[in-house]
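# Residue-level structural notes
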Amino acid sequence: MKRTITVKTSSKTEFIDITRDIEKALRSEGVDDGICMLFVPHTTAAITINESADPSVKSDILMVLNKIVPWKESYRHLEGNSPAHIKSSIIGPSEIIAVEGGRLKLGTWQGVFFCEFDGPRSRKVHIRLV
Ligand code: ZN
């Protein structure tokens, strides 16, 4: 299965829960069991898995990322978005999750988050099932 979903972001930095969008794509392809690879083809965004029950967890992660990667620094990259590139590398562009019965085999409190670091933009997430 090969699928690409679009994620529309609305802030400079934000985490968007895309768990349901991924599972919807898997269901529409009739996927049952396998290994799901998620890949973000952007240099100023990322993907991560963390708690989806309490929204303050994603706010806390963003707060700390913004603290350890300051907006104002003697960056050399002329585009002016070096903090977004650095956060993208810290979090990483991919996740691998088992799929069972058409659902992602996540823990009770886990969700899959698209991480925007230089929005708002229209972004893509590639889904591949093995
Ligand atoms: Zn750049």
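Here is a short report on the structure shown in this document. Keep in mind it's a predicted model, so treat the numbers as computed, not measured.

Two cysteines, two sulfur atoms, one covalent bond between them: this is a disulfide. Taken as a whole and assessed by the stated rule, the structure comprises 0 disulfides. Between Cys36, a cysteine without a disulfide, and Cys115, which holds the nearest cysteine sulfur, the sulfur-to-sulfur distance is 16 Å. On the basis of relative accessibility, which here comes to 0%, the residue Cys36 falls in the buried class. The class for Cys115 is buried, based on a relative accessible area of 0%.

Sheet architecture is open: 3 strands sit in the order 2-7-4, paired in antiparallel fashion. For this open sheet the edge positions go to strand 2 (14-17) and strand 4 (45-51), each flanked by a neighbour on one side alone. Between one strand axis and the next, the sheet turns through 35° on average, direction left out of account. Where strand 4 meets strand 7 (residues 110-116), 7 bridges bridge the pair, whose relative direction is antiparallel. By the bridge assignment, Ala45 is partnered in strand 7 with Glu116. Taken strand by strand, helix 3 (residues 82-91) contacts strand 4 and strand 7, and its axis lies near 50° from that of strand 4.

This brings us to the sheet that holds strand 6 (residues 103-104). Across the sheet, which stays open at both edges, the 5 strands sit in the order 1-8-3-5-6 with antiparallel pairing between neighbours. With one partner strand each, in any of the chains shown, strand 1 (2-8) and strand 6 form the two edges of the open sheet.

The next thing to look at is the coordination of the zinc ion. Looking at the zinc ion, the protein donor atoms are His77 (NE2), Glu79 (OE), Asn81 (OD1) and His85 (NE2), and they sit 1.9 to 2.2 Å from it. Its 4 donor atoms give the zinc ion angles of 91 to 149° at the centre, a pattern that matches the irregular case. The sequence pattern describing where the donors of the zinc ion fall on their chain is H-x1-E-x1-N-x3-H.

For soluble globular proteins, nonpolar side chains are generally found buried alongside one another. Formed by 21 residues in total, the largest nonpolar core has its most connected members in Ile18, Ile22, Leu26, Cys36, Leu38 and Val125. Contributing elements (two or more residues each) for this core: strand 1, helix 1 (19-28), strand 3 (34-39), strand 4, strand 5 (94-100), strand 7 and strand 8 (122-129). Non-local contacts of Leu26, meaning those with residues more than four positions away in its chain, are made with Met1, Val31, Cys36, Val99, Gly102, Leu104, Ile127 and Leu129. Counting 8 residues, the second largest nonpolar core, distinct from the first, contains Phe15, Ala46, Leu62 and Phe117.

Let's shift gears to the pairing of strand 8. Covered by surrounding structure in strand 8 are Arg123, Val125, Ile127 and Leu129 only, the residues Ser122, Lys124, His126 and Arg128 on the alternate face being uncovered. Where strand 1 meets strand 8, 7 bridges bridge the pair, whose relative direction is antiparallel. Bridge pairing in strand 8 links Thr6 to Lys124. Examined bridge by bridge, strand 3 and strand 8 share 4 bridges and lie antiparallel to one another. Its bridge partner lying in strand 8, Met37 is registered against Arg128.

Cut-off values and rules
Counting of residues starts from 1 at the beginning of each chain's written sequence and follows it residue by residue. A pLDDT threshold of at least 70 governs which residues receive local features in this predicted model, and a stricter bar of 80 or more applies before side-chain atom pairs are shown or counted, although totals over entire chains, interfaces and linings include all residues. Side-chain figures throughout are based on the complete set of non-hydrogen atoms in the structure, without hydrogens or water. When two cysteine sulfur atoms lie within 2.5 Å, the pair is treated as a disulfide. Here the term buried applies to any residue with accessible area under 20% of the maximum for its type, exposed to any over 50%, and partly exposed to those in between, with areas from a 1.4 Å probe on protein chains only. Pairing between strands is defined by DSSP: at least two bridges between the two strands are required. Numbering goes from the N terminus for both helices and strands, where a helix is a DSSP run of H or I of at least four residues and a strand is a run of E of at least two. Axes, fitted as lines to C-alpha atoms, cover a helix only where it is in contact. Angles between the N-to-C directions of the axes lie from 0 to 180 degrees. Contact between two residues is taken to exist if any of their heavy atoms lie within 4.5 Å; hydrogens are not considered. The donor set covers N, O and S atoms within 2.8 Å of the metal, switching to 3.2 Å for Na, K and Ca, and it leaves out water, so a site may look short of donors. The rule is simple: four donors are tetrahedral if all their angles sit between 85 and 135 degrees, four are square planar and six octahedral if opposite donors span more than 155 degrees and the others lie between 65 and 115, and anything that fits none of that is irregular. Among buried residues, those of type Ala, Val, Leu, Ile, Met, Phe, Trp, Tyr and Cys that are joined through side-chain atoms within 4.5 Å constitute a nonpolar core.

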